[in-house]
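# Observations on the three-dimensional arrangement
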Amino acid sequence: MREISSADITAAVREMCIEANHKLAPDMVNALKNAKDLEQSPIGKRVLGQLEENLQIAEEDTIPICQDTGMAVFFVEIGQDVHVTGGWIEDAINEGVKKGYTEGFLRKSVVKSPIDRVNTGDNTPAVIHYFMVPGDQIRITLAPKGFGSENMSRIFMLKPADGIEGIKNAVVTAVRDAGPNACPPMVVGVGIGGTFEKCALLAKKALTRSVEEGASDPEIRNLEKDILERINKSGIGPAGLGGTVTALAVNIETYPTHIAGLPVAINICCHVNRHSVRVL
Ligand code: SF4
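Cut-offs and rules
- Residues numbered from 1 in each chain as written.
- Predicted model: local features only at pLDDT ≥ 70, side-chain atom pairs only at ≥ 80, totals over all residues.
- Heavy atoms only, no water.
- Helix = DSSP H or I, 4+ residues; strand = E, 2+ residues; numbered from the N terminus.
- Rg over C-alpha atoms; globule rule 2.2 N^0.38 Å.
- Buried < 20%, exposed > 50% of the residue type's maximum accessible area, 1.4 Å probe, protein only.
- Contact = heavy atoms within 4.5 Å.
- Areas by Shrake-Rupley, 256 points an atom, 1.4 Å probe, with all protein chains shown as cover.
- Lys, Arg positive; Asp, Glu negative; His and termini not counted.
- Charge placed at Lys NZ, Arg CZ, Asp CG, Glu CD.
- Domains from an automatic or database assignment.
- Buried area = accessible area lost by both parts, 1.4 Å probe.
- Polar contact = N/O pair within 3.5 Å; in protein donor to acceptor, adjacent residues only side chain to side chain.
- Patch = residues over 30% accessible without salt bridge, like charges linked within 9 Å, V, L, I, M, F, W, Y side chains within 5 Å.
- Salt bridge = Lys/Arg side-chain N within 4 Å of Asp/Glu carboxyl O.

Here the focus is the overall build of the protein. Helix and strand counts for the protein come out as eight helices and 10 strands. What you see for the protein is a C-alpha radius of gyration of 19 Å, in line with the 19 Å of a compact globule of 280 residues. If one aligns the C-alpha atoms of the protein with their principal axes, the spans along those axes are about 55 × 50 × 40 Å. In the protein, which comprises 280 residues, the proportion classed as buried is 50%. The long-range share in the protein, meaning contacts at least 24 apart out of those at least 6 apart in sequence, stands at 81%. Carbon and sulfur atoms provide 54% of the accessible area of the protein, an area that totals close to 13,200 Å². Computing the positive centroid from 29 side-chain charges and the negative centroid from 35, the protein places the two 4 Å apart.

Set out below in structure tokens:
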């Protein structure tokens, strides 16, 4: 049994919160650069140039890429041969979020209750999804999520007879309805299969996959390409001002499902598709 201290988890999470909010991963930086070459509309090109400049300023001057520094969402894969010492893993992660958002001067966007709306003051609690995996390491993925795009996400409980066309229509409908509110160009995370909650989680997880990767299954990879093409014909464009690049990527994750169902979840992320990963 390998021991990992809760203090090391807190230190890693603190660093990840600051890093993710100031610097996009190389796949997202490249995707935005390529988008400027692909974009047909002059205003769209100008917007993409401004987004590129914004990324540079954020990194050089240590200013958050966006004022909405998001709710901290974590995927934590815990090796079954790991023992966390010195405290509960959830407390360790939340302590890291508190330190990262406070010491990194990041906006605190979390309210204690969805009804009374009082800010917790330190961006905790985080939303944490745990997965037990083989091995003796902990892999932590952080994806701070802004709610301009989160609010535009959807779930469709389709019938099996709706088929591939039904899936394509569901994703394109969600993107069209989102329009400029999701701060395009977007990254579209799609979960297909499982149950109501499982497909939502798949859609969120899909956003953490590199936009350069594509699904491992060739059939799903083709579906990603087809849907991306349809989305980019919508004309929404960068910042919703019209253009040919509405989305940078469509990432799909699938899971087995029930004979009577075809759940499809669409989790939309804006151009600030942040993620940071640490393996302890
Ligand atoms: S949706 Fe994204 S770009 Fe828009 S305000 Fe929120 S974090 Fe910022």
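Glancing now at the domain arrangement of the protein. What the domain assignment lists for the protein is domain 1 (2-20 + 65-144) and domain 2 (147-273). On a C-alpha basis, the centres of domain 1 and domain 2 stand 26 Å from each other. In this assembly, 10 residues from domain 1 lie in contact with seven residues from domain 2. Carbon and sulfur atoms make up 81% of the surface buried where domain 1 meets domain 2, a total of about 710 Å² over both sides. Taken together, the connections running from domain 1 to domain 2 amount to one residue pair in polar contact (both at pLDDT 80 or more). Secondary structure elements with two or more residues in the side of domain 1 that touches domain 2: strand E2 (71-79), strand E4 (127-133) and strand E5 (138-145).

For the rest of this paragraph, the subject is a nonpolar patch on the surface. Side chains of Ile155, Met157 and Phe196 sit close together on the surface and give an oily, nonpolar patch of about 290 Å² of accessible area. Counting through the fold element by element, Ile155 comes out in strand E6 (residues 154-158).

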